[in-house]
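Each chain, letter by letter, is given below.
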Amino acid sequence: MLNAEVDARTTRRALVEAGIAITSELSLDAVLQKLVRIAAELTDARYSALGVIDRSGLELERFVTHGLDDATRARIGDLPRGKGILGVLIADARPMRLDDLMTDPRAVGFPPNHPPMNSFLGVPVMTRGVAFGNLYLAEKQPSGPFSEEDEELVILLASQAAVAIENAGSVQRDALRRAVQAQEAERRRLARELHDETGQALTSMLLGLAAVERAETADDARAAAGELRELVVLTLQNVRRLAVELRPSALDDFGLEPALRRLGQTVKESGALDVQVETRLGSERLLPEVETAVYRIVQEALTNVVKHASAERVSIVVTRMPEKLIVIVEDDGSGFDPDAGPGEGLGLLGMRERVQLLDGSLTIDASLGSGTMLALELPLS
Ligand SMILES: Nc1ncnc2c1ncn2[C@@H]1O[C@H](COP(=O)(O)OP(=O)(O)OP(=O)(O)O)[C@@H](O)[C@H]1O
Ligand SMILES: [Mg+2]
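Residues numbered from 1 in each chain as written. Chains lettered and ligands numbered in written order. Predicted model: local features only at pLDDT ≥ 70, side-chain atom pairs only at ≥ 80, totals over all residues. Heavy atoms only, no water.

A. Broad picture of the overall build of the chain. Each helix and strand counted, the chain has 10 helices and 10 strands in total. For the chain, whose C-alpha radius of gyration is 30 Å, the value lies well above the compact-globule estimate of 21 Å for 381 residues. Here the C-alpha coordinates of the chain stretch approximately 105 × 45 × 40 Å along the principal axes. With 381 residues in all, the chain has 38% of them scored as buried. In the chain, once contacts between residues fewer than 6 apart in sequence are set aside, the share between residues at least 24 apart is 61%. If you average the places of the 42 positive and of the 59 negative side-chain charges in the chain, the two averages end up 2 Å apart. (Helix = DSSP H or I, 4+ residues; strand = E, 2+ residues; numbered from the N terminus. Rg over C-alpha atoms; globule rule 2.2 N^0.38 Å. Buried < 20%, exposed > 50% of the residue type's maximum accessible area, 1.4 Å probe, protein only. Contact = heavy atoms within 4.5 Å. Lys, Arg positive; Asp, Glu negative; His and termini not counted. Charge placed at Lys NZ, Arg CZ, Asp CG, Glu CD.)

Dropping the structure here:
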């Protein structure tokens, strides 16, 4: 095969890889890291980097590099401040090719330990004509200036980086908005329950008290007081349950394991199904946000099993690994079609938001008639 043909094919593959990366579920830094590596490989550059300027336009918000080992990166010291050439690329958002970066009068601010960089290609990362970062390459191998074709490829990759950066911003905003919505829905439900059940009960108690007051004999009064006592006991249970739903104190006081066991017990009693809880968590507490997320997700998963699954058994297994926490909730119920799209329910949505906010992943394996398995992974570092 001709060399040119091989090149064209490699280029195409790399561009496809870049395209897939930006639509994947990788974190933004991982996507940018990939784009930077691909840019270097396609242009035979020894070094490549991508910097994103923050809103103030003064500081670098992100900076990913390729080709610099950790030691060199550490020796260089502080991140570039976007003065020198990087600043020029932001202010004057046009691609730039230089034969020798080091001797360019605009290349100010090179730290003393920076490896020499001669041939240079930089392109702005921009959307709608506004630059907010740049992608640049240095030291074309074996040696020599970057070509026009290099420039075109890097412009393409920079535009993909811009899309990835924009997406990450809007995904975050979306996640936040939906998390708030789910919280609101939950509060509305609790408010309704407080109003309907607890309010009703207190009204009945008032009536009961009036009956005690009106009682003509001591026996009548005692009977009315007895009824009242039952009502108070029931209401107390109800209020306790609501309080636990709002914030299970077992979670704060004793940690995830007892809280999950208690939750399992409650579901077992109220849902008439066999609930098994198995935890391998070790002795150290997890971060509070991880504990809360796992508790809420398992709580919603169990609520769903009770509400929708007609299951006989459900098992919850929580395993702590060195780097991540794995939670599996599995029932033997009706299953469902996860591709049927989101209905009115906020439960699964809320789970996904919680997982996303912690950079974890959630997989639901369900098909009609064969139970549901929910697998959750949360990073621990
Ligand atoms: N374990 C399960 N077994 C069978 N079906 C399930 C299970 N979990 C979820 N589903 C199905 O997925 C749908 C979406 O669940 P989701 O928790 O998002 O909403 P919901 O439970 O209907 O409402 P909400 O959680 O807001 O009260 C449910 O309506 C149900 O059809
Ligand atoms: Mg639900």
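B. Local environment of the sheet that holds strand β1 (residues 45-53). Spatially, five strands are ordered β2-β1-β5-β4-β3 in an open sheet, and the strand pairing comes out antiparallel. In the strand order of this sheet, the two ends are held by β2 (60-66) and β3 (96-98), each with one partner. Across this sheet, the average inter-strand angle for adjacent strands is 15°, counted without regard to direction. Sheet topology note: the β1/strand β5 (residues 130-140) ladder contains seven bridges and is antiparallel. Bridge pairing links Tyr47 to Ala138 in β5. Relative to β2, helix α2 (residues 28-43) is tilted by about 45°, and along the sheet it contacts β1, β2 and β5. (Pairing = 2+ DSSP bridges. Axes fitted to C-alpha atoms, helices over the stretch in contact; angles between N-to-C directions.)

C. Focus on the packing of helix α1 (residues 3-23) against α2. Running from amino to carboxyl end, α1 crosses α2 at an angle of 170°, the nearest separation of the two axes being 9 Å. By the angle between their axes, α1 is roughly antiparallel relative to α2. Across the interface between the two elements, Thr10, Thr11, Ala14, Leu15, Glu17, Ala18, Ala21 and Ile22 from α1 touch Val31, Lys34, Leu35, Arg37, Ile38 and Leu42 from α2. In the contact of α1 with α2, the residues fall into nine nonpolar, two polar and three charged. (Parallel < 35°, antiparallel > 145°, perpendicular 65-115°, else oblique. Nonpolar A, V, L, I, M, F, W, Y, C, P; charged D, E, K, R; others polar.)

D. Quick look at the sheet that holds strand β7 (residues 313-320). Strand order in the open sheet formed by five strands is β6-β7-β8-β10-β9, and the pairing between neighbours is mixed. The two strands at the open ends of the sheet, each matched to only one other strand, are β6 (274-280) and β9 (361-366). Pairwise comparison of adjacent strand axes, ignoring direction, gives a mean angle of 10° for this sheet. Two elements, strand β8 (residues 324-331) and strand β10 (residues 372-379), share eight bridges in a ladder whose sense is antiparallel. For Ile326, the partnering residue across the bridge sits in β10 and is Glu377.

E. Summary view of a negative patch on the surface. Together, Asp7, Asp44, Glu148, Glu149 and Glu152 make up a negatively charged patch on the protein surface. If one sorts the elements of the negative patch by residue count, helix α5 (residues 148-214) sits on top with three residues. In this fold, Glu152 is placed in helix α5. (Patch = residues over 30% accessible without salt bridge, like charges linked within 9 Å, V, L, I, M, F, W, Y side chains within 5 Å. Areas by Shrake-Rupley, 256 points an atom, 1.4 Å probe, with all protein chains shown as cover. Salt bridge = Lys/Arg side-chain N within 4 Å of Asp/Glu carboxyl O.)

F. Region of the structure containing the site of ligand 1. As a structural note, the neighbourhood of ligand 1 is formed by 15 residues, with Asn304, Lys307, His308, Leu346 and Leu348 the closest of them. Here Lys307 contributes a side-chain N or O atom positioned 2.8 Å from an oxygen atom of ligand 1. Here an oxygen atom of ligand 1 sits 2.8 Å away from a polar atom, N or O, in the main chain of Leu348. Protein coverage of the free-state accessible area of ligand 1, which is 600 Å², stands at 74%. The element that contributes the greatest number of residues to the shell around ligand 1 is helix α9 (residues 288-309), accounting for six residues. By residue class, the composition of the shell around ligand 1 is five nonpolar, seven polar and three charged. (Near = heavy atom within 4 Å. Polar contact = N/O pair within 3.5 Å; in protein donor to acceptor, adjacent residues only side chain to side chain.)

G. Looking closely at the coordination of the magnesium ion (ligand 2). Glu300 (OE) and Asn304 (OD1) make up the full set of protein donors to the magnesium ion (ligand 2), lying at 2.0 Å. With Glu300 and Asn304 both in helix α9 and four residues apart, the pair spans about one turn of that helix. (Donors = N, O, S within 2.8 Å, 3.2 Å for Na, K, Ca; no water.)

H. Seen up close, unusual backbone geometry. Of note, the amide linkage connecting Gln141 to Pro142 takes the cis form, showing an omega dihedral of -5°. The residue Pro142 is located in the loop between β5 and α5 in this model. Residues other than glycine seldom take positive phi values, yet Glu139 does so here, at roughly 65°. With respect to the helices, strands and loops of the structure, Glu139 is situated in strand β5. For Glu139, a relative accessible area of 16% translates into the label buried. With a phi angle near 60°, Asp359 is a residue other than glycine that sits in the positive phi range. Along the polypeptide, Asp359 turns up in the loop between α10 (347-357) and β9. Classification of Asp359 as exposed rests on a relative accessible area of 62%.

I. Highlighting the packing of α9 against α10. Between α9 and α10, the least distance of the axes is 10 Å, while the angle of their chain directions is 160°. When the axis of α9 is compared with that of α10, the two are roughly antiparallel. Our pair here, α9 against α10, has a crossing hand that is left-handed. Facing Thr292, Ala293, Arg296, Ile297, Glu300, Ala301 and Asn304 of α9, the residues of α10 in contact are Gly347, Leu348, Met351, Arg354 and Val355. (Left-handed = near helix turned anticlockwise from the far one by under 90°.)

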